[in-house]
Structure formats: structure tokens, C-alpha cells
Amino acid sequence: MPADLDSTIKKLSKEEKAAKKAAKEAKFAAKKAAQEAQQQKQAADGAAKPAAPKEAPPVEDPAALATAYVNPTPAGELKAMSGPMAQKYLPHEVEASWNAWWEASGYYRGNSDPADTRPKFSICLPPPNVTGSLHLGHALTVAVQDLLARWKRMSGYNVLWIPGTDHAGIATQVVVEKKLKKERGLTRHDLGREEFLKTVFEWKEAYGQRITMQLRRLGCSLDWSREVFTMDEQRAASVKAAFLRFHKEGLIYRDVRLTNWCCILRSGISDIEVEYEDLEAPKRLSVPGHPKDRTYVFGRIWSFAYKVDGSDEEIVVATTRPETMLGDVAVAVHPDDPRYKQLHGKHLVHPFVARKIKLILDPVLVDMSFGTGAVKVTPAHDPNDFACGRRHGLDEITVFTEEGKMADNCGMFAGMMRFDARVELLAELKRRGLHRGEADNKMRLGVCQRTGDIIEPMLKPQWWVDCSGMARRAVEAVRQGELKIIPAEHERTWYAWLENIRDWCVSRQLWWGHRIPAYFPTVKGEKVEVVVAGSMEEAREAVVEREGCAAEDVSLEQEEDVLDTWFSSGLFPFSCLGWPDEQAPDYAAWHPTSLLETGQDILFFWVARMVMCSLQLTDRLPFSEVYLHAMVRDKRGRKMSKSLGNVIDPLEVINGVSLANLFAKLDAGNIEPKELAAAKKMNEEEFPLGIPECGSDALRFGLLAFCGQGRDVNLDIARVVAYRNFCNKLWNATRFAFLYLDAADGQAPFRPAELPAAGGAANLPLLADAWILSRLAHAVKTLDAQLTAYDMAAAVTTVYEFWYKELCDVYLEAVKPVMKQEDAAAKHATQTVLHACLHHGLRLLHPFMPYVTEELYQRLALLAGEPRASIM
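Given the structure is predicted, the values throughout are model-derived calculations rather than measurements.

Engineer: Can you walk me through the sheet that holds strand 18 (residues 456–465) in this structure?
Structural biologist: For sheets, the rule is that strands pair by backbone hydrogen bonds, running either parallel or antiparallel. Strand order in the open sheet formed by four strands is 6-5-18-20, with antiparallel pairing between adjacent strands. The sheet is open, and its two edges are formed by strand 6 (267–269) and strand 20 (504–505), each paired on a single side. In terms of strand pairing, strand 5 (residues 252–262) meets strand 6 through three bridges, oriented antiparallel. When the bridges of strand 6 are listed, W261 appears paired with G268.

Engineer: What exactly am I supposed to notice about the environment of W606 here?
Structural biologist: Along the chain, W606 falls in helix 19 (residues 603–618). Other than its neighbours up to four places away in sequence, W606 contacts P126, P127, W566, S569, G570, L596 and T598.

Engineer: Looking at this structure, how should I read the side chain of D586?
Structural biologist: Residue position: D586 is located in helix 18 (residues 585–590). By relative accessible area, which is 18% here, D586 ends up buried. For D586, the side chain forms a polar contact with the side chain of S112, separated by 2.5 Å. With residues up to four places along the chain from it excluded, the contact list for D586 reads S112, R226, L577 and H591.

Engineer: I'm lost on the state of the cysteines in this one. Help?
Structural biologist: Simply put, the disulfide is a covalent bond whose two ends are the sulfur atoms of two cysteines. Under the definition given, this model contains zero disulfides. Among the cysteines around C448, which has no disulfide bond, C262 carries the closest sulfur, lying 3.8 Å off. Take C837: it sits in no disulfide, and the sulfur closest to it among the cysteines is that of C808, at 11 Å. Given the relative accessible area of 0%, C837 is considered buried.

Engineer: Honestly, the packing of helix 24 (residues 717–741) against helix 28 (residues 824–845) in this entry has me stumped. Any pointers?
Structural biologist: A pair of packed helices can be characterised by two numbers: the angle between their axes and the separation between those axes. Between helix 24 and helix 28, the least distance of the axes is 10 Å, while the angle of their chain directions is 150°. The orientation of helix 24 with respect to helix 28, classified from their angle, is roughly antiparallel. Between helix 24 and helix 28 lies a crossing whose hand is left-handed. Along its contact with helix 24, which presents L730, T734, A737, F738, Y740 and L741, the element helix 28 presents Q831, L834, H835, L838 and L845. The residue makeup of the contact of helix 24 with helix 28, split by class, is eight nonpolar, three polar and no charged.

Engineer: Sorry if this is basic, but what is going on with the nonpolar core here?
Structural biologist: The nonpolar side chains of a soluble globular protein tend to be buried with one another. Ranked by internal contacts, the top residues of the largest apolar core, which has 113 residues, are M792, W803 and F848. Setting aside residues up to four positions removed in sequence, W803 forms contacts with F726, L730, T734, C808, L838, G841, L842 and L845. One finds F243, F567, L571 and A584 within the second-largest nonpolar core, a separate group that totals 61 residues.

Engineer: Would you explain the side chain of D564 in this entry?
Structural biologist: Mapped onto the secondary structure, D564 falls in the loop between strand 26 (562–563) and helix 16 (565–570). A relative accessible area of 1% means that D564 is categorised as buried. Polar contacts involving the side chain of D564 include one to the side chain of W504, which spans 3.2 Å. In this structure, D564 is in contact with S270, W504, C505, V506, R508 and R609, ignoring residues within four places of it in sequence.

Engineer: Looking at this structure, how should I read the packing of aromatic side chains?
Structural biologist: Within a pair of aromatic rings, the relevant descriptors are the distance that separates the centres and the angle that separates the planes. One pass over the full model with this rule turns up 25 aromatic pairs. Centroid distance F574 to W579: 5.5 Å. Interplanar angle 90°. Geometry classified as edge-to-face. Given a relative accessible area of 0%, F574 falls into the buried group. Seen in terms of ring centroids, F701 and Y723 are 5.1 Å apart; in terms of plane orientation they differ by 80°. Their pairing is edge-to-face. One end of the pair, F701, is in helix 23 (residues 695–705); the other, Y723, is in helix 24, and 22 residues separate them in sequence. Judged on exposure class, the residue F701 and its partner Y723 are both buried. Feature note: the residues F701, Y723, F726, Y800, Y804 and F848 constitute an aromatic cluster, connected by ring pairs.

Engineer: Teacher, can you tell me more about the pairing of strand 1 (residues 120–124) here?
Structural biologist: Taken across its five residues, strand 1 has four buried, putting it largely inside the fold. In terms of strand pairing, strand 1 meets strand 2 (residues 158–162) through five bridges, oriented parallel. From the neighbouring strand, F121 faces strand 2, where its bridge partner is V159. Handedness of the crossover joining strand 1 and strand 2 through helix 5 (residues 136–154): right-handed.

Cut-off values and rules
Within every chain, residues take consecutive numbers counted from 1 along the sequence as written. With the structure being a predicted model, the display of local features is reserved for residues of pLDDT at least 70 and the display and counting of side-chain atom pairs for 80 or more, all residues being used for whole-chain, interface and lining totals. As a rule here, side-chain values come from all non-hydrogen atoms in the structure, and water together with hydrogens is ignored. By definition, two strands form a pair when at least two bridges between them are found by DSSP. Helix and strand labels come from DSSP, where a helix needs a run of H or I of at least four residues and a strand needs a run of E of at least two; each type is numbered from the N terminus. Any pair of residues with heavy atoms lying within 4.5 Å of one another is described as a contacting pair. Only protein chains enter the accessibility calculation, which uses a 1.4 Å probe. A residue is then buried if its area is under 20% of the maximum for its type, exposed if over 50%, and partly exposed in between. Pairing of N or O atoms within 3.5 Å defines a polar contact, subject to two protein rules: one partner must be a possible hydrogen donor and the other a possible acceptor, and residues neighboring in sequence count only if both atoms are side-chain atoms. By definition, disulfides here are pairs of cysteine sulfur atoms that lie within 2.5 Å. Think of each axis as a best-fit line through the C-alpha atoms, taken over the contacting stretch in the case of a helix, with angles from 0 to 180 degrees between the N-to-C directions. If an angle is under 35 degrees, it is roughly parallel; if it is over 145, roughly antiparallel; if it lies from 65 to 115, roughly perpendicular; otherwise it is oblique. Helix crossings get a hand from a simple test, with the near helix turned counterclockwise from the far one by less than a right angle marking a left-handed crossing and a clockwise turn marking a right-handed one. Ten residues, namely Ala, Val, Leu, Ile, Met, Phe, Trp, Tyr, Cys and Pro, are considered nonpolar, four, namely Asp, Glu, Lys and Arg, are considered charged, and the remaining ones, Gly among them, are considered polar. By nonpolar core we mean a set of buried residues, namely Ala, Val, Leu, Ile, Met, Phe, Trp, Tyr and Cys, connected to one another through side-chain atoms within 4.5 Å. Between the rings of Phe, Tyr and Trp (Trp by its six-membered ring), a pair exists once the centres lie within 6.5 Å; its type follows the angle of the planes, with under 30 degrees stacked, over 60 edge-to-face, and the other angles tilted. Clockwise travel from the first strand over the helix to the second, with the strands pointing away from the viewer, marks a crossover as right-handed.

Here it is in C-alpha cells:
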């Protein structure tokens, strides 16, 4: 800082401190005198009349002002600013109207015209599930993406940010089926497939717009003219084309393999839809589909004996899932284990079903040092046993029905729910003298994310994608630097998953989704091999050609299963541009996109699949960079979860919400009583007066500020409230600065002059002017570098410190003496610098806080006699 300026600031600071101290002492003395007078009056009146009990002040609804506000500006029109600037910053008033005007004015639209020579920046919004509502994790995603989109747009780029929603096969079907059962007492099977799908689409149209409303309220500069839905007509064409191409290239096939089976959904689910609970000790749990008044023990291991056929000898095995022994076809031992040498080639007797159990030798499955060294083998219900069974050519016997009952082949246990059968089977083993003990056993329990059901590995015919070749290309793309993952530490996860990738099960036993384009033909009543085709007519032609039969001899049934939601999501970055039509203007102009920005939790479930699909189907990467932001957790570091009751809707922070309404939301949710009580206690402790109205700008700024914490964001709403205060500081400081620019009575209105050219700032009459321009230039340069490196938290600090510490705390104080002088030239020079700082400072801040900056920028333009135009 220049020496003259430093001494001026110090002098001003000392004078200001002395004045503040004197005012404070006078105020304290007056307050003390008033208190003494009041005490004397109470002492005189106290004997005559007892004090009335104090009434609790009424609890105000923090959302009352925002809820009651009526926006006077017609949708899409420019906000009128003929009145004076409000004395107080009110987010609901400041943020009204702008987004609708930006959207209607076309500021958000990307241009696909080849004649547009501007550099391009494009990004896809990770499509949120159409069923739901955005939470703060989504809000962080869109805050980061909108920051980048606005920054690039203001830097002269042709920007395309594509919005879309995901049909969310399982989640949507579960929601609609529950609604159907509750309101009409019907199941989807009662309606039939066609009528059920019609009902789901009606539900989607009625309830699926909440997300777009939230996105608009957050100020997301998405190109809404290009909004897509993963089950719209164009995306359906993309999905069918991809499936047909994969099948033609030999990458898609149908096979009977183990899958994660949810008995409530009656469908297989993907790995990402399975949540795991680590049990350190035994725990009793209720299980969906079972009697509500019963619980079942998990975290135990039970031992029982199989008798050797024709002998009194026995082999003891242990299991955490005793009901699966009804599907046992073998017991495996290590070929070198001396304990069982004499039993090689023998059979064992199954106590409950008429089946002999083979004794097999398997050094892969069996660890001689663990337990008895003997392992029961159930190929149809355990992945390790399945692999063992395939090695030995064992039978694969399924013992559960799709809804989780014991199958007809289970003897005396047939028809029981699987965990009721567990209880009865253990009791029967004891009665027959075959039970050999039980013990605590730490275990990892797989649970369906959507239903809470205990996952069963089940053998089902499914459609699979061979990912091995695609995965190798995806690995090489990162190794060769063609695809950049930020932060680079996530490259290890990328390599680990893709280098050990398994084939991808893409079929789901649902109705809501993209129905698989495969057909099961019969020729003259005899079943023949399945055929994959784009339509029923194409399938018939393929069968006629392959089988050499007449068309009238062929009957066809389409595959009932639909595709995994991640299949259509994997195509999203290019299907949203018009693929498979490679001549589509958007595809030609924007594929590949510039960046994929998302949470680190779906790096392989979604990001890797997009890369693999794009490389295979378009021979190009879908994007050149992947930026992975941290996970948003609550203040205590816990994952945001509806079951924990700690999920906060962004609108609750933007508009404010009362504690009573937070409680009402918890009561309406499907939360366990214990967790409900804990969630209410947490809300009462953290938000005793509810969440105050913060506005979208403060929420965005707060979320971006947390991006520097590391892997996870432990979000404290109090920090967001602090940034609401920063908005207030910004509002008041700018309003105060406007006083310096406003014309006095009889004077010509202020019009800014040209700023000095580079190197000419030293000629300004006030050193503070040169200093603040140097700080502005430094902020511009630093911010550009930080955003280029995706260092969001550092960028927040840069723009915050320029406004708060340099412009407000130093410069506005330093120019006060100049504004009181009679030297018109010096005053005008400082006014020009002040105008430049406000103008460019608001532009710096705009990508972080779009609403308040647009409001102040337009008021600045009016004050300086400039035409109104968007800050973008």
C-alpha cells in the first residue's frame, strides 16, 4: 500500500474509532440512567401490585415475508426501477423477476450456427430424478455449474448448459405404485402394463415440474429450450439405437447369472442401488414383506451337520443364511485337507429334501485354516458358490420365489417367507440333532436403497453388456491425458474400477423404463432363439430369414424387462444433442461437450459408463474434463438421507422455514421413530427459530465457499446465514457509494470518464484510486486463474476480500475527504474510479451471486445515465 495512502487510512481510522468510542460511552450512560429510573419506579410500585407473568413472544415464521410477497413485474419483463433503492436488503424482492427476464431475453441459449466463431463451452446438467426434489447436494452441483457457465458467458464464450431429468425407473415406479395402492387399492398388475404406464406419465406431468422450479429459483442459466427427459421420443430412439449397435457388435448378450434381487420390487437392481449396513454385533431387524410385528436376527453365524451317506460320520458347515441350505448341492473341502481325505468321492444326506449332496474338492473356494475347512455350496444364491458351481458343473437350484417366499422345492418350508423359514429351519435342525452351535459374526448386510428390503443374490436370465474392451479404452484415455479427472487423486479409483470391471447387467424386471428391443419367437409353436430388432416387423423378418420359414408361421412376444436407468443415462451427453443423428446441428456443434461436473460418488456408476458408451458408439470422448466436487453432508458429517431426516430443501434456505414446518416435513416422511426423534432434536438445537430467509445468492455463495474443505462438505447453515449478511453489506455499501455518484441539486448528473490507460493510474489525484484499481486488476487476474483451475473456494475468498476488505472497508473510507472537497476535477476522477470498481466488481461477483449483482448493476447504469442491459 502506498505510504501516503497508508497514513491517510490510519488517520481516518483513529478519528473514526474515537468518535465511535465517545458515542458508545454516551449511549451506555443514557441506558444506565434509564435502567436506574425504571428500578426506582418498580421499587415504589412493587408493594402495591405484583409483576404480571411474562408472555412468551410469538414465534415468527421466517418464510412469512417471502411467502406473502407478490411480484409486481409480469413474467419475462424487465423489472421496473423508477423508485428509490430500498433501505434494507430483502432477498425475495431483489431476486424476483430476474431469472424469468434472463430466460425470456435469450441470454441462456447456446448457438449451434457454424458461422458463430466464438469459443465454445458446453456442459450437461446431471439429470436429477423426476420423482423427487432437489436437496443441498444438487444445489452445490448447480451452483458450481452455473458459476462456470456465467463466467464463460461473460468471458465471450458461446455457452450451452443443457437441462434434463431422468425417468428414474425404480424410484418412479415405487412412488406411483404406492400412490396407486393408497388411493385406489390397486396394483400395477390390476391395471395392466399399458394403463399403468399411462398413469405414470400422468403422474410425471403433474408432479415432475418441482425440480425445474427449484432450478429456476436457484438462478440456473440453463438453456431451457433444449430441456430433455430420458424417456422422451428422441432419447427413446437413442437408447434403442445403442442397444441394437451393442448387440450387433457382440457386446450385449443374454445369460442366467446372479443379480441383486429386491423381493419387494420383484426386480434385479444395480450395485449403486444397494446400500450396506455394517453389523459389528447381532441386531434384530424388521424386513419388508414380512409380518410387521416380527424381527429377525442378523450378525450371527450358525453351524450344522450334514451326515455322510451310509455312515455315522458328519461334516459341519457354517452359514449366516441358514435358509439357503435348502439350495445346497455340494460341500467343498480343500484337496490337501487331511481331515477329509477318507471322504473324497462320498455324498452327504440333505435332511429336508430328497437330494444327495456331493463332496467336492476346491482349493479356490476353501481356506483350510478357517472354521471346519468345509464350505456349503449354494450356486443359485451366492456369488462365490456360483463361480464354484460353474467350475464343477453343479446344479443351480433356486429356493426363493420372486416375492421372497420359499419355493415349492423346499419341502416342509415351502410357502414361508424366507426369514420365517430361517427361524423354523433352525428349530428343526435342533429337533433333529443337527444343530452344532452359533456365534456372533460381523457382517455386511446389503439393503435395497428404495425399499429397505434385504437383498438376495438370485439367479435370473438377464441382459448383460461386455464392458472389458470399452473399459480399456476409458483407462487409456485418462492415462494418455485425453481425459482429465480433477482432482487427480480420483484417477486411482478410475483405474481400480475399470481394470477390474465386470459385465454390466442392464435388464430390470420393471414396467417403467425403456423396454428392451428383443423378441422371443416361436415357429409353428416351437420356441427358437431370441432375436434383437428395432421393431416387431424387423424381428419377424429376421426370424423368417434365419429359420427359413413363412412369416405366418412366426409368433413373437417382446421382452418384458426394461433397461437399467444407467443405460440411458450413459448416453446422456450425446443423446441430448440428437445422437444417433450425427448430422443434427446440436450434435455437430457441441459433441463432445467441454466438461462433466458432478459428485465424486458416481465416478464409476455414471461417469465411467458415459465415457465407455461414447467411445464405443461415437468413437469420441463425451467431454474432455471431469471435475468432481465434494459430497455435501450435514453439520455432524453425516450423509444427507431422508431416513435420517437431515435432508434440507434449498427452498427452505432460500425462503426460510419455521421449526414447525421442519417438524411437519419430518412427520410426513417415512422415518423410523428413533431416527424421527433424533432428527427433531437436531432441528430444534440447530434451528430453534427455524431457518431464516437467506436467498439464493447467499446459499450459492455459501455452498461454493465450502468447496475447499476436501472430500466432504460438512454444511453448517449458520455459515449460509453469514453470507446473507454479506449480501446485506454489499447492498448497503453500494447504496452508500451511490450517494457519491448521485448529482447534487442543480448539478449535472455524473457521467464516468475514461479510466487511465495501463501505467497511467499513478497520475490520478488520489493514491487510494490507484491502489483500488491495482487491487481490482489483481482480483480479476487471480479469479480467472482460480476458476480455470476449478478452485471454487479460493475464488470465493478472492471476490469476497475485494468487496469486503478492500472496496468497502478501505477505499470507501479513504475517498470520503475527496467527496467533500470543492475540486470538481479531483472529485470526478475519484467518482470515475468508484464507478469502475462497482461496475467491474459486480461483474466479478455475478457468477457467484447472480441476482443481487444484476439488481445493483442495473441501478448503477441508471445512475450513470447508461442504457439498461444485463450484467451478462
